[in-house]
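Chain by chain, the residues run as shown.
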Amino acid sequence: MDNASNLSTAESGGAIETRGIEPVPDHERHGRVRELFPTWVAANISVLLLTMGAALVVFNKLNFWQVLIVAACAALASFGMVGVLSVSGKWGGAPGAMLSRATFGVRGNLFPGAILWVARFGWETINAVTGAYAVLTVLDLVFGIKSNTPLIVVTLFAFVACTFLVSGMGRKALNVCNKWSTYLFGIFSVLVLVYLIANIKWDDVFSKPAGTTAMMIAGIGTIAAGGISWVPTGPDFARYLPHAASGKKIVGATISGAGLVMVPMVLMGGVMAVATPDLAEAPDPVSFLGDILPTWLAVPYLITAIVGMLLINSLSMYSAGFTAQTMGVKLPRAMAVSINAVISLVGGLLLMLVAKSFLSSFITFLILLAVSFSAWIGVYAVDMARRKSRAVRYDAEALMDTGRTSRYWYVGGFCWQAMTAWAVALGAGISFTQCDWFTGPLASTFVGKYGLGWAATIAISALIMAVLPTPREVSAADAAGAAADDSERVKVGA
């Protein structure tokens, strides 16, 4: 814990955050709930939402009102979970990947942590590729420079490098960037909306026939997948909030911040798809804006979107650094983040230079992403609900203790109840899944056909965790006994 105390002044004294996974002490809890609003606005500033909205019209055959309902339900469901589980951040003052040790056990946490970490790589790669495509589109619109392999490599490298630099600065720098990007993106989004209102053929938009209920439900899952991926990292951005911060306000700020961007962006994508049916099938997710919008509007809008995607990836890498440290990577957080940056660069080059279809790869990734995160969500939510009535919800010293003396050692370092619920639910979720890469054995069932694998995964993991015996944390006396036994064994061995 000495290392943690040496870092105690880092957060309050400068813009560069050096604090790692150790819980934030009470005297450093100066955050405000309202800071979460621009954080979750910035987390959704991505033109990918336009492409996803277009996919609802082109692939799911939904009309204007159905797209609106899907977007609103997806924002409420996914970021509602983000907000609720973010409350644990103010309880324990630690990142979600760290608090998860109390749920799964010191060793058990490594298994879901590894899957979440790998999934995070994919999300960061998708965002990096989208950001690079946006830069390439701006270069084409302004200077007439056409995309080529060397330019793709340079552009992607530059985007990932900027992401790394911003994420390494930490929470304070991200809050400032989020605030101003929210203002800028909001202004240009309103301009785009006004342009669409004035130029889109609304008769064509509102005359489109309605799609099926099954496609609406499946669409909710697809759009919600992005929000679901933020659930385990929600506590990361609430850990500097004081204990007195309102849980309801945390949930409200999270949902409203995300919904403010998600709903209109998805809806605009749907409207654009009516005018340009090829939108969802474009070779990249960005260049269509240059065809739909005039250059004077497309260029500044893309630039603000580039900043937004840069911040999304920075927020993701910020949390991924914590996950790496929790898994035992013996590096400072900034160095742990660099691992993600390198992987994003390599994965991005493969997606831009080798993959045949960006959208197909993206949708498949979203489907798998939702399932992989959902198994963790159900278990963690039940554990969190049980801790709500406890005087000490999370033990800071025990979270940092990875030995047998830890309160969260359980049995051999594993909480067998949590591990069982997680593993069974994950297997079931994959069985319900159908995508381009494979089809699960239960994909033809009602749950599979309606794209509800992610919801079923959450329900199964939560139900199993709830019906199994409540895990018994190691008491102080047991921990002391374990330490004494270890000490005695050392003496005998000597």
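Residues numbered from 1 in each chain as written. Predicted model: local features only at pLDDT ≥ 70, side-chain atom pairs only at ≥ 80, totals over all residues. Heavy atoms only, no water.

An unreviewed UniProt entry annotates the protein chain as Cytosine permease originating from Streptomyces roseoverticillatus. Here is the UniProt Sequence similarities (unreviewed entry) comment for the protein chain, exactly as written: "Belongs to the purine-cytosine permease (2.A.39) family." (UniProt positions renumbered as here; feature names shortened; annotations may be inferred.)

Asks: What is the right way to read the overall build of the protein chain from this model?
Replies: Helices and strands together make up the secondary structure of the protein chain, namely 21 helices and zero strands. Taken over 494 residues, the protein chain has a buried fraction of 57%. In the protein chain, of all internal contacts separated by at least 6 residues, the share reaching a separation of at least 24 is 85%. Total accessible area on the protein chain stands at roughly 19600 Å², and carbon and sulfur atoms take up 68% of it. (Helix = DSSP H or I, 4+ residues; strand = E, 2+ residues; numbered from the N terminus. Buried < 20%, exposed > 50% of the residue type's maximum accessible area, 1.4 Å probe, protein only. Contact = heavy atoms within 4.5 Å. Areas by Shrake-Rupley, 256 points an atom, 1.4 Å probe, with all protein chains shown as cover.)

Asks: Quick question: what am I supposed to make of empty space enclosed by the protein here?
Replies: Over the atoms, a rolled probe matching the size of one water molecule traces out where space is still vacant. For the structure on display, the rule yields six cavities of 30 Å³ or more. In this model, the largest cavity occupies a volume close to 150 Å³. Along the wall of the largest cavity there are 16 residues; nearest its centre are Ala-43, Asn-44, Leu-49, Trp-123 and Gly-226. For the lining of the largest cavity, the elements supplying multiple residues, two or more each, are helix 4 (48-58), helix 7 (110-143) and helix 11 (213-228). (1 Å grid on protein atoms, 1.4 Å probe; cavity = no way out; pocket = protein on both sides within 12 Å on 5 of 7 lines; lining within 4 Å. Points joined across faces, edges and corners; volume = space filled by probe spheres on them.)

Asks: I would appreciate a short explanation of the nonpolar core in the present structure.
Replies: Among soluble globular proteins, nonpolar side chains are generally buried collectively. Trp-230, Leu-289, Tyr-301 and Phe-362 are the most contacted members of the largest nonpolar core, which has 137 residues in total. For this core, the element with the most residues is helix 16 (residues 358-387), which contributes 16 residues. (Core = buried A, V, L, I, M, F, W, Y, C linked by side-chain atoms within 4.5 Å.)

Asks: Would you mind going over helix 6 (residues 96-104) with me for this structure?
Replies: Residue pairs three or four apart in sequence face the same way in an α-helix, which turns once every 3.6 residues. For helix 6, the tally of buried residues reaches nine of nine residues, placing the bulk of the element in the interior. Those residues of helix 6 that sit buried are Gly-96, Ala-97, Met-98, Leu-99, Ser-100, Arg-101, Ala-102, Thr-103 and Phe-104. Immediately downstream of helix 6, the backbone of Gly-105 shows phi near 100°, a positive value.

Asks: In this structure, what is going on with the environment of Glu-473? I would like to understand it.
Replies: Locating Glu-473 in the fold gives a position in the loop between helix 20 (453-467) and helix 21 (476-493). Accessibility expressed as a relative area gives 13% for Glu-473, which makes it buried. Residues Glu-473 and Val-411, 62 residues apart in the sequence, show an inter-C-alpha distance of 9.4 Å. In terms of polar contacts, Glu-473 uses its side chain to reach the side chain of Arg-387, at 2.8 Å. Polar side-chain contacts of Glu-473 include one of 2.7 Å to the side chain of Arg-407. (Polar contact = N/O pair within 3.5 Å; in protein donor to acceptor, adjacent residues only side chain to side chain.)

Asks: Sorry if this is basic, but what is going on with the environment of Ala-71 here?
Replies: Within the element layout of this structure, Ala-71 appears in helix 5 (residues 64-92). In this structure the C-alpha to C-alpha distance between Ala-71 and Leu-49, which are 22 residues apart in sequence, comes to 9.8 Å.

Asks: Looking at this model, I keep getting lost on the confidence of the model for the protein chain. Mind explaining?
Replies: Reading fine detail from the predicted coordinates is not recommended where pLDDT is low. Per-residue confidence for the protein chain gives a mean pLDDT of 83; residues scoring 70 or more make up 83%. Here residues 489-494 is a poorly scored stretch, pLDDT under 50, and it has one contact once near neighbours within four places are set aside; other chains count. (pLDDT = per-residue confidence, 0-100.)

Asks: What is the right way to read the pattern of salt bridges from this model?
Replies: Should the charged atoms of two oppositely charged side chains come close, the side chains can pair. Per the counting criterion, the structure on display carries six salt bridges. In this structure, Asp-140 and Lys-146 form a salt bridge, with 3.0 Å as the shortest nitrogen-oxygen distance. Its relative accessible area of 27% is what places Asp-140 among the partly exposed residues. Between Glu-473 and Arg-407 there is a salt bridge whose closest N-O contact spans 2.7 Å. Placement of Glu-473 in the loop between helix 20 and helix 21 and of Arg-407 in the loop between helix 17 (396-400) and helix 18 (416-431) is noted, with a sequence separation of 66 residues between them. We classify Arg-407 as partly exposed; its relative accessible area is 24%. Where salt bridges share partners, they join Asp-383, Arg-387, Arg-390, Asp-395, Arg-407 and Glu-473 into one cluster. (Salt bridge = Lys/Arg side-chain N within 4 Å of Asp/Glu carboxyl O.)

Asks: Help me understand unusual backbone geometry in this model?
Replies: A negative phi angle is the norm for most residues apart from glycine, just as the trans form is the norm for most peptide bonds. Although it is not a glycine, Lys-61 sits at a positive phi angle of roughly 60°. Note on placement: Lys-61 falls in the loop between helix 4 and helix 5. In this structure, Tyr-410 takes a positive phi of about 55° despite not being glycine. Here Tyr-410 shows up in the loop between helix 17 and helix 18.

Asks: Even after reading the chapter, I still don't get the packing of helix 5 against helix 12 (residues 247-275), so can you show me in this structure?
Replies: To describe two helices that pack against each other, one gives the angle between their axes and the distance between the axes. Put simply, helix 5 and helix 12 touch, their axes get as near as 7 Å, and they point 155° apart. If you check the angle between helix 5 and helix 12, you find them roughly antiparallel. Here the hand of the crossing between helix 5 and helix 12 comes out right-handed. Its residues placed into classes, the contact of helix 5 with helix 12 shows 21 nonpolar, six polar and one charged. (Axes fitted to C-alpha atoms, helices over the stretch in contact; angles between N-to-C directions. Parallel < 35°, antiparallel > 145°, perpendicular 65-115°, else oblique. Left-handed = near helix turned anticlockwise from the far one by under 90°. Nonpolar A, V, L, I, M, F, W, Y, C, P; charged D, E, K, R; others polar.)

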